[in-house]
Amino acid sequence: MLLEAVGIQKAYRRGWQRRPQAVVLAGVDLSLSRAETVGVVGPSGAGKTTLGMVLAGILRPDRGILRYKGTDLWACGRRRHLAQDLQMVFQHPETTFDPRWTLARSLAEAYMLRKARPTAADLAGRLEQVDLAPALLHRQPHQLSGGELQRAAIARAMVLEPAVLVLDEPTAMLDALTQAEILALLKRVQARSRVSYVLISHDANLVARFCRRVYRLAGGRLVAEAVPADGPQ
């Protein structure tokens with residue numbers, strides 16, 4: 001098993017006195033195999049983003065175990081190293097980028113995390129893999145459209161060559177045509193790299209078309225959803 005979450009619990013304290021607790025995840029179990037895509041659906045406020053951040057190794061659970069390739073991510077001394085294999089693409093891709101930096105500098109920073117020095121050709125190639133023109137390397141985030149920025153966020157995440165990519169509402173801010181283009185792109189990226197996806201969305205129909213296993217997050221727990229016979233596409 002590539003990634004396994006067992007009994008994940010997470011609560012946040014509310015109010016200026018930081019109490020009482022608001023339980024978000026109440027014992028979540030989830031497994032993910034290599035090159036697999038698992039969907040998580042649920043309404044706003046259900047805790048989907050919190051779960052995504054736990055699965056990406058960003059947020060430490062209060063209780064439970066997150067195993068990556070059999071290793072407890074939070075109990076071992078190599079969490080920072082292993083966590084590079086777990087990446088997340090957010091609903092608002094602009095949060096991924098420093099607004100002052102060009103796209104070239106943001107991509108180069110990701111290479112530096114791998115202790116690599118990219119050439120101009122390397123950076124251009126990364127953009128071409130997500131159907132962006134190399135000329136965009138010299139632009140800042142505010143000079144890109146929403147679809148272009150989401151593609152750039154995917155490119156930046158893939159620089160780190162992750163084994164798992166958590167996709168948190170990756171198409172929610174896009175029009176229908178751009179949504180379809182991003183989903184087609186993600187399928188091509190997966191076919192090429194064998195990356196595994198956790199696709200988080202409020203859109204159950206979209207997730208059912210993209211995933212073979214779908215779960216609904218409700219009451220802090222995951223419940224298996226039926227996938228239509230004609231999906232995923």
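Residues numbered from 1 in each chain as written. Predicted model: local features only at pLDDT ≥ 70, side-chain atom pairs only at ≥ 80, totals over all residues. Heavy atoms only, no water.

Looking now at the overall build of the protein chain. Scanning the protein chain for helices and strands turns up seven helices and 10 strands. Here the C-alpha atoms of the protein chain give a radius of gyration of 18 Å, agreeing with the 17 Å that 2.2 N^0.38 yields for 233 residues. C-alpha extents for the protein chain along the principal axes are approximately 50 × 45 × 40 Å. Per-residue burial for the protein chain yields a buried fraction of 49% across its 233 residues. Accessible area for the protein chain stands at about 11,700 Å²; split by element, carbon and sulfur atoms hold 50% of it. Once the 32 positive and 21 negative side-chain charges of the protein chain are each reduced to a mean point, those two points are 7 Å apart. (Helix = DSSP H or I, 4+ residues; strand = E, 2+ residues; numbered from the N terminus. Rg over C-alpha atoms; globule rule 2.2 N^0.38 Å. Buried < 20%, exposed > 50% of the residue type's maximum accessible area, 1.4 Å probe, protein only. Areas by Shrake-Rupley, 256 points an atom, 1.4 Å probe, with all protein chains shown as cover. Lys, Arg positive; Asp, Glu negative; His and termini not counted. Charge placed at Lys NZ, Arg CZ, Asp CG, Glu CD.)

Looking now at the environment of Ile8. Summarising the element assignment, Ile8 is placed in strand 1 (residues 3-13). Classification of Ile8 by relative accessible area gives buried; the value is 0%. Between the C-alpha atoms of Ile8 and Leu25, which are 17 residues apart in sequence, the distance is 6.6 Å. Discounting residues that sit within four places of it in the chain, Ile8 has contacts with Leu25, Ala26, Gly27, Val28, Val54, Pro61, Arg63, Gly64, Ile65 and Leu66. (Contact = heavy atoms within 4.5 Å.)

All right, on to the sheet that holds strand 2 (residues 21-32) then. Sheets are built from strands paired through backbone hydrogen bonds, the pairs being either parallel or antiparallel. Pairing within the open sheet is antiparallel, and its four strands lie in the order 2-1-4-5. Edge strands, defined here as strands with exactly one partner in the open sheet, are strand 2 and strand 5 (71-72). In this sheet, strand 4 (residues 63-68) lies alongside strand 1 in antiparallel orientation, the contact comprising five bridges. Looking at strand 4, one finds that Glu4 is bridged to Arg67. (Pairing = 2+ DSSP bridges.)

Throughout the structure, instances matching the rule amount to one aromatic pair. Taking 6.3 Å as the distance between ring centres and 25 degrees as the angle between the ring planes, the aromatic pair formed by Tyr197 and Phe210 counts as stacked. Of this pair, Tyr197 sits in strand 8 (residues 196-201) while Phe210 sits in helix 7 (residues 204-210); the two residues are 13 residues apart in sequence, bridging distant segments of the chain. Judged by its relative accessible area of 0%, Tyr197 is buried. The class of Phe210 is buried, set by a relative accessible area of 8%. (Phe/Tyr/Trp six-rings, centres within 6.5 Å; stacked < 30°, edge-to-face > 60°.)

The backbone phi angle of Lys115 is positive, close to 60 degrees, even though this residue is not glycine. One can find Lys115 in the loop between helix 3 (103-113) and helix 4 (120-129). For Asp131, which is not a glycine, the phi torsion comes out positive at approximately 65 degrees. Topologically, Asp131 is positioned in the loop between helix 4 and helix 5 (146-159). Note on Asp131: relative accessible area 46%, which makes it partly exposed.

What follows covers the pattern of salt bridges. Applying the stated criterion across every chain yields a total of 10 salt bridges. A salt bridge links Arg67 to Glu4; the nearest nitrogen and oxygen atoms lie 3.4 Å apart. Placement of Arg67 in strand 4 and of Glu4 in strand 1 is noted, with a sequence separation of 63 residues between them. Among the residues examined, Glu4 registers a relative accessible area of 29% and is labelled partly exposed. One salt bridge in this structure joins Arg114 and Glu161, with 3.5 Å as the shortest N-O distance. Taken together, the residues span a long stretch of sequence, with Arg114 in the loop between helix 3 and helix 4 and Glu161 in the loop between helix 5 and strand 7 (164-168) at a distance of 47 residues. Judged by relative accessible area, which is 31%, Arg114 ranks as partly exposed. Through salt bridges with shared partners, a single network forms among Asp131, Arg151, Glu181 and Arg188. (Salt bridge = Lys/Arg side-chain N within 4 Å of Asp/Glu carboxyl O.)

Structural measurements only, silent on function.
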